[in-house]
Amino acid sequence: LRPSYLLTLTALALLAVPAPAGNEGLQVRPRDPRQGDPLFLRLEVPGAEDPKVSWLNGSYPLYREGSGWAGAVPIRPEAKVGGHTVVVRFTRNGRA
């Protein structure tokens, strides 16, 4: 299995209450996202390679930025208010 992080966003107009699993190396901004906003992610895990984000039936890459990986995913205006899950998967040191 590939290492992964789960982040659940619970929303009332997409206000986030993050509940990440093993989130030591994952940052998500903004803290209170809303429909139409981008969700910015930064992954800082030593040896992480080829990270991909799954979000609302879409898959998005993270890109190398300094010592980590960064990217953005869209929160579409038509996204339903409520809990949503962000999954970040990656290989570590070439191994899944």
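Residues numbered from 1 in each chain as written. Predicted model: local features only at pLDDT ≥ 70, side-chain atom pairs only at ≥ 80, totals over all residues. Heavy atoms only, no water.

A. Highlighting the pairing of strand β5 (residues 58–61). Residues Gly58 and Tyr60 point to one face of β5 and are all buried, whereas Ser59 and Pro61, pointing to the other face, are not buried. A loop of two residues connects strand β4 (residues 48–55) with β5, the two strands running antiparallel in sequence, and Leu56 in this loop sits at a positive phi of about 45°. (Buried < 20%, exposed > 50% of the residue type's maximum accessible area, 1.4 Å probe, protein only. Helix = DSSP H or I, 4+ residues; strand = E, 2+ residues; numbered from the N terminus. Pairing = 2+ DSSP bridges.)

B. Highlighting the nonpolar core. The biggest cluster of nonpolar side chains holds 18 residues, and the ones touching the most others in it are Leu41, Leu43, Val53, Trp55 and Val88. Dropping the residues within four chain positions of it, Val53 is found in contact with Gly58, Ser59, Tyr60, Leu62, Val73, Val86, Val87 and Val88. (Core = buried A, V, L, I, M, F, W, Y, C linked by side-chain atoms within 4.5 Å. Contact = heavy atoms within 4.5 Å.)

C. Structural context of the pattern of salt bridges. Here the structure, examined in full by the defined rule, presents three salt bridges. Here the salt bridges do not stand alone but share partners, grouping Arg42, Glu44 and Glu65 into one network. (Salt bridge = Lys/Arg side-chain N within 4 Å of Asp/Glu carboxyl O.)

D. Local environment of the sheet that holds strand β7 (residues 68–74). Spatially, four strands are ordered β2-β3-β7-β6 in an open sheet, and the strand pairing comes out antiparallel. The sheet terminates laterally at β2 (26–29) and β6 (63–65), the two strands that pair on one side only. Shown here is a sheet whose adjacent strand axes are inclined to one another by a mean of 30°, direction ignored. Bridge analysis of strand β3 (residues 38–43) against β7 gives six bridges, and the strand direction is antiparallel. Bridge pairing in β7 places Leu43 opposite Trp69. (Axes fitted to C-alpha atoms, helices over the stretch in contact; angles between N-to-C directions.)

E. Focus on the environment of Gly68. Here Gly68 shows up in strand β7. Overall, the relative accessible area of 0% leaves Gly68 in the buried class. For the pair Gly68 and Glu44, spaced 24 residues apart in sequence, the C-alpha to C-alpha distance is 4.7 Å. For Gly68, the residues in contact, after removing those within four places along its chain, are Arg42, Leu43, Glu44 and Tyr63.

F. Representation of the side chain of Arg42. Locating Arg42 in the fold gives a position in strand β3. In terms of polar contacts, Arg42 uses its side chain to reach the side chain of Glu44, at 2.5 Å. Other than its neighbours up to four places away in sequence, Arg42 contacts Gly25, Leu26, Gln27, Glu65, Ser67, Gly68, Trp69 and Ala70. (Polar contact = N/O pair within 3.5 Å; in protein donor to acceptor, adjacent residues only side chain to side chain.)

G. Geometry of unusual backbone geometry. Backbone torsion omega between Arg29 and Pro30 reads 0°, so that peptide bond is classified as cis. Along the chain, Pro30 falls in the loop between β2 and β3. Residues other than glycine seldom take positive phi values, yet Leu56 does so here, at roughly 45°. Note that Leu56 resides in the loop between β4 and β5. The exposure class of Leu56 is partly exposed, given its relative accessible area of 30%. A positive phi angle, near 65°, is found at Asn57, a position not held by glycine. In this fold, Asn57 is placed in the loop between β4 and β5. Residue classification places Asn57 among the exposed residues on the basis of a relative accessible area of 89%.

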